[in-house]
Amino acid sequence: MDDFKAVMISNHYANKLVVDDSLYQTFHQNTKHSKKYLLKNMYQSRKLLNSSNFHEATQLPEKYFPLAESFSLKEPTHDVIYQCLNERKSQVTRPIKDITLTDQVISDLFWSGYGKNKKNTRVVPSGGALYPLELYALILESTESLSKGLYHYSPSKHEIQLIRDDEKVFNTSDYIMMDNIKYSSVIFFITAIFKRNTFKYDARAYRYTLIESGAMAQNISLMATKYHLVSTYFGGVDDYEVEKILSVDGKRESLVNCLFISKEGEWNGKD
């Protein structure tokens, strides 16, 4: 109850301090995807993306300093962190559907994204420890005790709340613009309640929010890799439709990231 009161109080004072027509909102609202906008851009860029010269030129996108002295680094330490980083996959090559995810895997994925650590903070860095993000997941396959549906994660209690399980939430073609979804077991949606940190950092808070969102998604991705799952970051969603599905207003709270979790041939239900 104390945690709930603290959040309500902080949100109340943040709302009083923030101007809604700020620079970050102008940028965020004007970079949202819709089906029309996404397809238009994909059509315009298709020739470039299909060019062999383009692919060859972008294989190693990095700066060079040919006149500077170079020093070779030692081989990375081969430990569990190395293994997860080295084996992370974003494309499904051998999909499987006959084995479902377990309660433990679902729990670990949520915790890795925004769970509390031994310091009683979160497992991701947050500017000013203000934690502007919220984590949702659409579970597409029932587990031992969880039914299919859209869930919201509560880090303070490490629990999830089922907020929707109607037919519309499973009509993913309404808000996912490609067929990447067909092999997925879970779709994570990361949203931001901007006023939680803009009251302190103003428009610069938007940078910190995106940094935190990236850290959350990477954590989930690495936990997925531990379980030999495929994690796919995906920008091809209709922001407006996703926000309707999540029942958020798109301004005070808005979508910032999306991540698919899929099973592949190596998945056996264990780590």
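Everything numeric in this text was worked out from a predicted model, so none of it was measured.

To continue, consider a nonpolar patch on the surface. Together, Val80, Ile81 and Leu85 make up an exposed nonpolar region whose accessible area comes to about 300 Å². Take leucine 85: it is sitting in helix α5 (residues 80–87).

Moving on to the packing of helix α6 (residues 103–114) against helix α9 (residues 205–226). α9 packs onto α6 with a crossing angle of 150° between their chain directions and a minimal axis gap of 7 Å. In terms of orientation, α6 and α9 fall into the roughly antiparallel class. You can see that α6 and α9 cross each other, and the crossing is right-handed. Residues Asp108, Leu109, Trp111, Ser112, Gly113 and Tyr114 of α6 form the contact with α9, whose own contacting residues are Glu212, Met216, Asn219, Ile220, Met223, Ala224 and Lys226. For the contact of α6 with α9, the residue count by class is seven nonpolar, three polar and three charged.

This brings us to the pairing of strand β5 (residues 229–233). Here is the key point about a regular strand: its side chains alternate between the two faces of the sheet. With four of its five residues buried, β5 lies for the most part within the structure. For β5 and strand β6 (residues 253–263), the ladder comprises five bridges, and the chain directions are antiparallel. Each residue of the ladder has a partner; that of valine 230, found in β6, is serine 262.

This part covers α6. For α6, with twelve residues, the first-to-last C-alpha span of 17 Å sits near the 16 Å given by 1.5 Å per residue. For α6, the set of buried residues is Val105, Ile106, Asp108, Leu109, Phe110, Ser112, Gly113 and Tyr114.

Packing of α5 against α9 brings their axes to within 9 Å, and their N-to-C directions diverge by 100°. Classified by the angle their axes make, α5 and α9 are roughly perpendicular. Counted together, Gln83, Cys84, Leu85 and Glu87 of α5 and Gln218, Leu222, Thr225 and Lys226 of α9 form the full contact between these two elements.

Time to look at the packing of aromatic side chains. Applying the stated criterion to the full structure yields ten aromatic pairs. Considering the side-chain rings of tyrosine 24 and phenylalanine 194, the 5.3 Å spacing of their centres and the 55° angle between planes classify their relative orientation as tilted. In this pair, tyrosine 24 is assigned in helix α2 (residues 23–30) and phenylalanine 194 in the loop between β4 (184–193) and α8 (195–201), connecting sequence segments 170 residues apart. Across this residue pair, the class does not change: tyrosine 24 and phenylalanine 194 are buried. Taken together, a centroid distance of 4.9 Å and an interplanar angle of 85° make the contact between tyrosine 201 and tyrosine 208 edge-to-face. Relative accessible area serves as the criterion here: at 23%, tyrosine 201 is assigned to the partly exposed category. Pairwise contacts between aromatic rings join Tyr24, Phe27, Phe194 and Tyr206 into one cluster. A cation sits over an aromatic face here: arginine 122 above tyrosine 114, 4.6 Å from the ring centre. A cation sits over an aromatic face here: lysine 148 above phenylalanine 170, 5.5 Å from the ring centre.

Read across the sheet, six strands follow the order β3-β2-β1-β4-β6-β5 without closing on themselves; strand pairing throughout is antiparallel. Only two strands of the sheet have a single partner each, and these edge strands are β3 (159–164) and β5. The mean inter-strand angle of the sheet, taken between neighbouring strand axes irrespective of direction, is 25°. As defined by bridge partners, strand β1 (residues 133–139) adjoins β4 across seven bridges and the pair is classed as antiparallel. Note on β4: the bridge partner recorded for isoleucine 139 is valine 186. Along the sheet, α6 contacts β1, β2 (149–154), β3, β4, β5 and β6; its crossing angle with β1, the most-contacted strand, is approximately 160°.

The rules behind these values
- Residues numbered from 1 in each chain as written.
- Predicted model: local features only at pLDDT ≥ 70, side-chain atom pairs only at ≥ 80, totals over all residues.
- Heavy atoms only, no water.
- Patch = residues over 30% accessible without salt bridge, like charges linked within 9 Å, V, L, I, M, F, W, Y side chains within 5 Å.
- Areas by Shrake-Rupley, 256 points an atom, 1.4 Å probe, with all protein chains shown as cover.
- Salt bridge = Lys/Arg side-chain N within 4 Å of Asp/Glu carboxyl O.
- Helix = DSSP H or I, 4+ residues; strand = E, 2+ residues; numbered from the N terminus.
- Axes fitted to C-alpha atoms, helices over the stretch in contact; angles between N-to-C directions.
- Parallel < 35°, antiparallel > 145°, perpendicular 65-115°, else oblique.
- Left-handed = near helix turned anticlockwise from the far one by under 90°.
- Contact = heavy atoms within 4.5 Å.
- Nonpolar A, V, L, I, M, F, W, Y, C, P; charged D, E, K, R; others polar.
- Buried < 20%, exposed > 50% of the residue type's maximum accessible area, 1.4 Å probe, protein only.
- Pairing = 2+ DSSP bridges.
- Expected span 1.5 Å × (residues − 1).
- Phe/Tyr/Trp six-rings, centres within 6.5 Å; stacked < 30°, edge-to-face > 60°.
- Lys NZ or Arg CZ within 6 Å of the ring centre and 35° of its normal.

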